[in-house]
Structures are given as structure tokens and as C-alpha cells.
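Read off the chains here:
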Amino acid sequence: MGGWTQWPSRQALSREGVPRTRLLINGGIWLGLTGWLLVDALRSDAFQGWGRVALIGALAGCAALVEVLRRVTLDHRLAPALVLIAVLIAAGAALHAAGARTPSAAVWVVSAIVAMERLPLVIALGCAAVASGAYVLASGNSPLAEAATAGALVIGGYALRLDEEARGTGYRLLEQERMARRAEAESAALAERSRIAREIHDVLAHSLSAQLVHLEAARLLIERGEDSAKVLDRVVAARGMARDGLAETRQALSALRGEMAPVEDFLRESAAAEGARFVREGEPRTLTAEAGLTLRRVVQEALTNVRKHAPGARVELRLGYAEHTVSLEVRDGGARSAPAAAGLTVSGAGYGLLGMRERAELLGGTLEAGPEGEGFVVRLRVPL
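> Please provide a residue-by-residue account of the overall build of the protein chain, values included.
When you go through the protein chain residue by residue, the secondary structure sums to twelve helices and five strands. In the protein chain, once contacts between residues fewer than 6 apart in sequence are set aside, the share between residues at least 24 apart is 68%. Here the protein chain has roughly 21000 Å² of accessible surface; of this, 60% comes from carbon and sulfur atoms.

What follows is the structure in C-alpha cells.
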């Protein structure tokens, strides 16, 4: 049976997502219909005195039943809905028997339309057939005209049903989009926390391991009774590394927030400070915070390794922009011994070139480092 036995969605049956203007128009239609029925009842000679009061009370009761029917169908409760439809049809028959022909017709029409709009379709057709049939039999007009009227009621109610279903579908899609945006925002927040944690880990691992070396050396000097000046040198060195670690942590956070100088300016200044040559190739492009920070870290690590393993060597920094990637090459021309070159890639206790390679791979890039000619080359390539 498929959709014939299914209820309209809750979004279609509720007023969620209905524009305020549409609600006002619907309310105006109901008020106009109710007012017209009241005027018709008051002008009728069939009801006088308390009869008019009873008629008005009956109409008010029918309006209340329609509202209850709306609430019951919102919860997809079939049995109470069928009882309310039956009571409304019976109320229409009672009004007709009492001589209130127009109000009775209105009750039957509303019953048929509401049934088509809010009940499972196979049930709605039966209820609408009963309500419209009662209206046709009571009107006494030509069969063809009454059949057309009954068909119009069914089609009109079904058209309202389709309109409400379309609105409900749009509302569900809007909710799904909002949920997707919330999930995307949460994912971005988690990614932000992860990259901040990774950056702080790299900085502190490097800083703390170096401090530990100096503090351990200071402990050994104290145990041996060495001169206090030597101990003080070690402590001062450890303090300086702690200060540098904090400064690098602040720089990392600033870079992730996009608050630092452009990467190219940083590379140019780093090259100038080391007496290196800086070359840029390609048209500058905007980099992501992660890509920019990776370039900074690789340059820092590569220049540190040059100072450690090839002091005084000629160094060249080459920054290249391609369509979808940015590349960095740090090359020195100094001779290196095989042991020094082999030890380079593991220097830094997680903050060295191995750590830089992992950082590049997380961004979908690559990092290559090794001897080339008489010197050593570090090549980085990451997506823009």
C-alpha cells in the first residue's frame, strides 16, 4: 500500500516552519467562515431565542472538535481521530435535521477537507466520501453537480495535503542542513583543538627535553662538587630554553589564529638572520594556517640543523608557488660527514625532521631530507 497507509509527516501536520503571514491568512479564513456561519444562523427565522444560543454553542463545539482533531492527528492517533470525524459528521446531520442547512454543510465540508489533509490516505478517502456523501444527499441538487462538488472537496483536501507535505519536506531538509552545519562546526572545533595540541606538544617536547639535559648536567656537577659557576651556566641555559619554549608556543598559537606576519616575510627574515639567500618562485597565494605553520617549523628545524652540522655553510631558501601546492627547499653547500647526516633526521626528540615529515603528511604533503652533492637538502611540499 505504501503511501496510502502512511500518515503525513509530523512537520507537515504541525505549524513548524509555517510563515507568520500564512498563519495570519489561515486564521483570517477560519474567522471569516465562523463569522459567516454565525451571521447566517442569527438571520435565520428557524432559530429564535434559546435556539439561536444552542446553535451558536453547537458551532463553537464543532470548531473545538476540529482543533482537537488537529492535535490528535499530530500525534498520529487513528482511533480518536476516527471518533472525532464521526462526531463531526453526526453533528452536521443533527444541524441539518434542526434546519441549520448552511452550518451543517460547512461542518461536512470541513470534515472532508480535514480528513483528506491529515489522515492516512486510504482512511481519509473513506471519511471524505462519507462526509461529502452526507452533504450531497442533504443538498438535494442535481446528481452531476453534487458529484462535482464532492470531487472538488476531495481534490481540494488532497491539494492541501500535498502543500503541507511539501512544506514539511522543506522543513526537514532545513533541519538536516542545520544539523550538518552544527556537526561541521563541532568537527572544525575538534580539528582546531587537535592541531593546537599537536603544535604545543612539538614545542614543549623539544623545549623540555633540552631543559632536562641541562638540568641533569647541573645535578651531576653539583654531586661532583664542581664550581658553582658551571652549575649556574647550566641552570641559566635551561631557563633560557624554557623562555624560548613559551615564546614558541605563543607564536604557534598566533600562527594558527592567523595573527602572525605572512609566511614569506617570516622566511625572508629567517634567511637574513642566518645570512642565507632567499628566492621566491611563482605568484604568491594565500596559505592555510596549518600550511603556513608547517613552512615556519620546517625552516626553523632546517636552519637549526645547518648551525649544528654545517656551521658557516652557504644556505639557500627557495619558496615556490604552484597551482595547488606550495613548496619549500632549504639547501646548504657545506660538507657533512655520513654520521652527522644520518643523525640529522632524528634530532629534536620528536621536533626534528621526522616530526616535520609527519606534520606534512597530515596535510597531504611530503617532506624529503637527505645528502645531495656536498651538502644537505630539505624539500617540503604541501597543498595550499
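What follows continues from the structure just given.
> Describe the pairing of strand β3 (residues 325–332), naming the residues involved and giving the relevant values.
With respect to burial, β3 is a largely interior element, six of its eight residues being buried. Sheet topology note: the strand β2 (residues 315–321)/β3 ladder contains seven bridges and is antiparallel. Among the inter-strand pairings, Glu-316 is bridged to a residue of β3, identified as Arg-331. A loop of three residues connects β2 with β3, the two strands running antiparallel in sequence. Pairing geometry for β3 and strand β5 (residues 375–383), over eight bridges, is antiparallel.

> So what's going on with the pairing of strand β1 (residues 277–281)? Which residues, and what values?
With five bridges connecting them, β1 and β2 associate as parallel partners. Residue pairing in the sheet places Val-279 in a bridge with Arg-318 of β2. The β-α-β motif built from β1, the intervening helix α10 (residues 289–309) and the parallel element β2 has left-handed crossover chirality.

> Go over unusual backbone geometry, please, and point to the residues and values.
Residue His-76 is not a glycine yet carries a positive backbone phi of 60°. For His-76, the position within the fold is in the loop between α3 (50–74) and α4 (78–97). Look at His-76 and you get partly exposed, because its relative accessible area is 34%.

> Please set out the sheet that holds β3 residue by residue, giving values where relevant.
Strands sit in the order β1-β2-β3-β5-β4 across an open sheet of five strands; the sheet is mixed. Every other strand in the sheet has two partners, leaving β1 and β4 (366–372) as the edge strands with one partner each. Each adjacent strand pair in this sheet contributes to an overall mean axis angle of 10°, direction not counted. Sheet topology places β4 next to β5; seven bridges connect them, and they run antiparallel. Within β5, the position partnered with Leu-367 by the bridge is Leu-380. Each of β4 and β5 touches helix α12 (residues 353–362); the most contacted strand, β4, lies at about 145° to it.

> Before we move on, could you go through the packing of α4 against helix α6 (residues 121–139) and cite the residues and values that matter?
The N-to-C vectors of α4 and α6 enclose an angle of 5°; their axes lie 11 Å apart at closest approach. The angle between α4 and α6 falls in the class roughly parallel. The segment α4 lies against α6, with Leu-78, Leu-82, Ile-85, Ile-89 and His-96 engaging Ile-123, Cys-127, Val-130, Ala-131 and Ala-138. Among the residues forming the contact of α4 with α6, the class breakdown is nine nonpolar, one polar and no charged.

> Quick one: what's the story with the side chain of Arg-118, residue by residue and with numbers?
Inspection of the secondary structure assignment puts Arg-118 in helix α5 (residues 101–118). For Arg-118, which is buried and forms no salt bridge, the nearest opposite charge comes from Glu-117, at a distance of 4.6 Å. In this structure Arg-118 touches Trp-7, Pro-8, Leu-13, Arg-70, Thr-73, Leu-74 and Arg-161, once residues within four positions along its chain are discounted.

> Got a sec to walk through the packing of aromatic side chains? Specific residues and values, please.
Evaluated as defined, the whole model comprises zero aromatic pairs. Cation over ring: Arg-296 sits above Phe-266, and NZ or CZ is 5.0 Å from the ring centre.

> Tell me about the nonpolar core, residues and numbers included.
Among the nonpolar cores identified, the biggest contains 32 residues, and Leu-69, Ile-85, Leu-88, Leu-95, Trp-108 and Leu-119 are the most heavily contacted of them. Those residues in contact with Trp-108 that lie beyond four places of it in its chain are Ile-89, Gly-92, Ala-93, His-96, Ala-131, Ala-134, Tyr-135 and Ala-138. Counting residues in each nonpolar core, the second largest holds 28 residues, with Val-263, Phe-266, Phe-278 and Leu-295 among its members.

> Describe the environment of Ser-327, listing the residues and the values that go with them.
Positionally, Ser-327 belongs in strand β3. Expressed as a C-alpha distance, the spacing of Ser-327 and Val-382, which sit 55 residues apart in the sequence, is 6.5 Å. Not counting residues up to four positions away in its chain, the partners in contact with Ser-327 are Arg-318, Leu-319, Gly-320, Leu-380 and Arg-381.

> I'd love a proper account of a nonpolar patch on the surface, names of residues and values included.
Taken together, Trp-4, Val-122 and Leu-125 make up a surface patch of nonpolar side chains, about 250 Å² in accessible area. Its place among the elements puts Trp-4 in the segment before α1 (10–13).

> Which residues make up the confidence of the model for the protein chain, and what values go with them?
In this model, the protein chain carries an average pLDDT of 78, and 83% of its residues clear a pLDDT of 70 or more. Between the elements of the protein chain, mean pLDDT differs from a low of 39, seen in helix α11 (residues 338–344), to a high of 94, seen in β2. Confidence over residues 336–350 falls short of pLDDT 50; this stretch has 27 contacts with residues more than four positions distant or in other chains.

> Account for the pattern of salt bridges, with residues named and values stated.
Applying the stated criterion to the full structure yields 15 salt bridges. The partner of Glu-216 in a salt bridge is Arg-219, with the nearest N and O atoms 2.4 Å apart. Note that Glu-216 and Arg-219 are positioned in helix α7 (residues 143–224) at a spacing of three residues, about one turn of the helix. As a salt-bridge pair, Arg-280 and Glu-264 come within 3.2 Å of each other at their nearest N and O atoms. Taken together, the positions of Arg-280 in strand β1 and Glu-264 in helix α9 (residues 263–274) put the pair 16 residues apart, joining distant regions of the chain. Arg-280 sits in the partly exposed class, given a relative accessible area of 40%. One network of salt bridges, in which partners are shared, links Arg-277, Glu-281, Glu-316 and Arg-318.

Rules and cut-offs
Residue indices follow the written sequence of each chain, beginning from 1 at its first position. Per-residue local features of the predicted model are confined to residues with pLDDT of at least 70, and side-chain atom pairs are confined, for both listing and counting, to 80 or more; whole-chain, interface and lining totals are unaffected and use all residues. As a convention, hydrogens and water are excluded, and side-chain values are obtained from all of the structure's heavy atoms. Strands here mean DSSP runs of E at least two residues long; helices mean DSSP runs of H or I at least four residues long; both are numbered from the N terminus. Throughout, a contact is declared for two residues whenever any of their heavy atoms are within 4.5 Å. Here, Shrake-Rupley sampling with a 1.4 Å probe gives the accessible areas, and only protein chains in the shown set may cover a residue. Accessible area is worked out with a 1.4 Å probe on protein chains only. A residue is then buried under 20% of its type maximum, exposed over 50%, and partly exposed in between. A pair of strands counts as paired when DSSP detects no fewer than two bridges linking them. When the strands point away from the viewer, a crossover counts as right-handed if the route from the first strand across the helix to the second turns clockwise. Lines fitted to C-alpha atoms define the axes here, with helix axes fitted over just the stretch in contact, and angles between the N-to-C directions of these axes take values from 0 to 180 degrees. The cut-offs work like this: below 35 degrees is roughly parallel, past 145 is roughly antiparallel, 65 to 115 is roughly perpendicular, and the gaps in between are oblique. Each residue gets one of three labels, nonpolar for Ala, Val, Leu, Ile, Met, Phe, Trp, Tyr, Cys and Pro, charged for Asp, Glu, Lys and Arg, and polar for the others, Gly among them. The charged-residue count follows a simple rule in which Lys and Arg add positive charge and Asp and Glu add negative charge, with His and chain termini not counted at all. By definition here, a salt bridge exists when the distance from a side-chain nitrogen of Lys or Arg to a carboxyl oxygen of Asp or Glu is within 4 Å. A pair of Phe, Tyr and Trp rings is counted when the ring centres sit within 6.5 Å of each other, with Trp represented by its six-membered ring. The angle between the planes then sorts it: under 30 degrees is stacked, over 60 is edge-to-face, the rest tilted. Ring-over charges, as used throughout, are those where CZ of Arg or NZ of Lys falls within 6 Å of the ring centre and within 35 degrees of the ring normal. Nine residue types can take part in a nonpolar core, namely buried Ala, Val, Leu, Ile, Met, Phe, Trp, Tyr and Cys, and a core is a set of them joined through side-chain atoms within 4.5 Å. Residues forming no salt bridge and having over 30% relative accessible area are the ones grouped into patches, like charges within 9 Å of each other and nonpolar side chains (Val, Leu, Ile, Met, Phe, Trp, Tyr) within 5 Å. Per-residue confidence from the predictor is reported as pLDDT, which spans 0 to 100.

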